[in-house]
Amino acid sequence: SCRARLAMKDIDGARRDAFAATVFSQNTDPDALMCLAEVCQASKDTMGELQATKAAIAQYQRLEDEYSKPMPGKDAVARAEAAKIKSNASTVKRELGFRIVKLERELKASS
């Protein structure tokens, strides 16, 4: 819903949806946090985008750690799915790290 509202240029509605998603997930859903970062980006809120992106990285790290643990007794399909989730979390974290560097540069230049 957040991204749909962003596509319709309804930034206030997108912000409400993203905020609600982060509250309902108790800030543990990295996708909700990324949606909030996208809303902040669309509204030119660099500090908010930076904070949401850092929070998302922390949740992707949690996923990566969780799916790195051994899975005794699980079948090959479950282990393959865990490896896929772990790999995706690692990739997204790396990409977001580049975004954080850019945002920090922007904030430093504007102060």
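Above this text sits the structure in question.
Residues numbered from 1 in each chain as written. Predicted model: local features only at pLDDT ≥ 70, side-chain atom pairs only at ≥ 80, totals over all residues. Heavy atoms only, no water.

Undergrad: Please provide a residue-by-residue account of the nonpolar core, values included.
TA: Judged by nonpolar contacts, the single largest core of 22 residues is most densely connected at C2, A18, M34, V39, A56, Y60 and L96. No other element matches the seven residues that helix 3 (residues 30–42) contributes to this core. Excluding anything up to four places from it in sequence, L96 contacts M34, T53, A56, I57 and Y60. (Core = buried A, V, L, I, M, F, W, Y, C linked by side-chain atoms within 4.5 Å. Buried < 20%, exposed > 50% of the residue type's maximum accessible area, 1.4 Å probe, protein only. Helix = DSSP H or I, 4+ residues; strand = E, 2+ residues; numbered from the N terminus. Contact = heavy atoms within 4.5 Å.)

Undergrad: Mind laying out helix 4 (residues 46–66), listing which residues take part and the relevant values?
TA: For helix 4, which comprises 21 residues, the first-to-last C-alpha distance of 30 Å matches the rise-based estimate of 30 Å (1.5 Å per residue) to within 8%. Of all the positions in helix 4, only G48, E49, L50, A52, T53, A56, I57, Q59, Y60, L63 and E64 are classed as buried. Close packing links the buried residues of helix 4 with helix 3 and helix 5 (76–110). (Expected span 1.5 Å × (residues − 1).)

Undergrad: Pulling in residues and values, what's your account of the state of the cysteines?
TA: If you walk through the whole model with that rule in mind, you get one disulfide. Disulfide pairing places C2 opposite C35 at an S-S distance of 1.9 Å. On the S-S bond that ties C2 to C35, the torsion sits near -110 degrees, and the link is left-handed. Separated by 33 residues along the polypeptide, C2 in helix 1 (residues 2–7) and C35 in helix 3 bring together distant segments of the chain. Considered together, C2 and C35 belong to a single accessibility category, that of buried residues. (Disulfide = S-S within 2.5 Å.)

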